[in-house]
Amino acid sequence: MDYLIASDAHGDQKILAQLANDYRDRVKAMFYVGDSELRHDDDVFNDFLPVIGNMDMDSLFPDDREYQDVDVKIYIAHGHLYHTEMDLSRLIEAAAHKDVDVVLTGHTHQLGAEMIDGILYLNPGSISVPRGQFAYLKGTYAILSVEPDKFEVQFYTRDEQPVSGLQFEFKRPQ
Ligand SMILES: [Mn+2]
């Protein structure tokens, strides 16, 4: 089961429309982790399931969401409400009480994937305004593949090319 995750487009509606068109028949769901700066009823949200970011003015975006599938439970939050610009500690604390397998977050514009206390934390990076070590890629999104015994994460560039070296596999706690 594959899921697409994108975040922090900051007004770049075109790239989200492109990803929606190219992936809607290839993934189970598409998550948008905040700071679109679009309206909640923009066409791209017919495909992407969004949450609110600190730069979103449309208060009809939800603060966060939980997504339950057969094989996985996912928690999605931009990160500003947990001050992830400082560290992940408040988000980790909240997730520990939610019985989730995966946490999707954005806000920092820096991609990352790590397993902490048996939960996968995945930040796709910013699709349009990347920062930090991988800013040279000029924007990234992620595909999460869920299997009963493992998670796979592959980061992609805006032209939908997998980035070699940015593929990760995590054993799931049994
Ligand atoms: Mn942002």
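For the structure, see preceding data.
One structure accompanies this document, and this report is about it. Bear in mind the structure is a predicted one, so any value in this text is a computation, not a measurement.

1. Comments concerning the nonpolar core
Then comes step 1: Counting residues in hydrophobic clusters, the biggest one holds 26 residues, and the most contacted among them are Phe31, Leu104, Leu122, Leu144 and Val153.
Then comes step 2: Of all the elements in the fold, those that place two or more residues in this core are β1 (2-6), β2 (29-32), β5 (73-77), β6 (102-104), β8 (119-123), β9 (140-146), β10 (150-157) and β11 (162-171).
Then comes step 3: For Leu144, the residues in contact, after removing those within four places along its chain, are Met1, Asp2, Tyr3, Ile5, Val102, Leu120, Leu122, Phe151, Glu152 and Val153.
Then comes step 4: Formed by 21 residues, the second largest nonpolar core is a distinct cluster that contains Leu16, Val44, Phe48 and Ile127.

2. Quick look at the side chain of His78
Then comes step 1: Take His78: it is sitting in the loop between β5 and α2 (89-96).
Then comes step 2: We classify His78 as buried; its relative accessible area is 1%.
Then comes step 3: Reaching out from His78, the side chain makes a polar contact with the side chain of Asn54 at a distance of 3.0 Å.
Then comes step 4: At 3.2 Å, the side chain of His78 and the side chain of His107 are in polar contact.

3. What to know about the layout of surface pockets
Then comes step 1: Size it by volume and the largest pocket reaches roughly 190 Å³.
Then comes step 2: Every residue lining the largest pocket is counted, 13 residues in all, and those nearest its centre are Leu88, Gln110, Gly112, Glu114 and Asn123.
Then comes step 3: Those elements that provide at least two residues to the lining of the largest pocket are β7 (112-116) and β8.
Then comes step 4: The class makeup of the residues in the lining of the largest pocket is 5 nonpolar, 7 polar and 1 charged.

4. Here's the deal with the sheet that holds strand β3 (residues 48-50)
Then comes step 1: Reading across from one edge, β3-β2-β1-β9-β10-β11 is the order of the 6 strands in this open sheet, with mixed pairing throughout. Edge positions in the sheet fall to β3 and β11, since each of these pairs with one other strand and no more. Mean inter-strand twist for the sheet, computed between neighbouring axes without regard to direction, equals 25°.
Then comes step 2: Judged from the 3 bridges that link them, β2 and β3 form a sheet pairing that is parallel. Each residue of the ladder has a partner; that of Phe31, found in β3, is Leu49.

The rules behind these values
- Residues numbered from 1 in each chain as written.
- Predicted model: local features only at pLDDT ≥ 70, side-chain atom pairs only at ≥ 80, totals over all residues.
- Heavy atoms only, no water.
- Core = buried A, V, L, I, M, F, W, Y, C linked by side-chain atoms within 4.5 Å.
- Buried < 20%, exposed > 50% of the residue type's maximum accessible area, 1.4 Å probe, protein only.
- Helix = DSSP H or I, 4+ residues; strand = E, 2+ residues; numbered from the N terminus.
- Contact = heavy atoms within 4.5 Å.
- Polar contact = N/O pair within 3.5 Å; in protein donor to acceptor, adjacent residues only side chain to side chain.
- 1 Å grid on protein atoms, 1.4 Å probe; cavity = no way out; pocket = protein on both sides within 12 Å on 5 of 7 lines; lining within 4 Å.
- Points joined across faces, edges and corners; volume = space filled by probe spheres on them.
- Nonpolar A, V, L, I, M, F, W, Y, C, P; charged D, E, K, R; others polar.
- Pairing = 2+ DSSP bridges.
- Axes fitted to C-alpha atoms, helices over the stretch in contact; angles between N-to-C directions.

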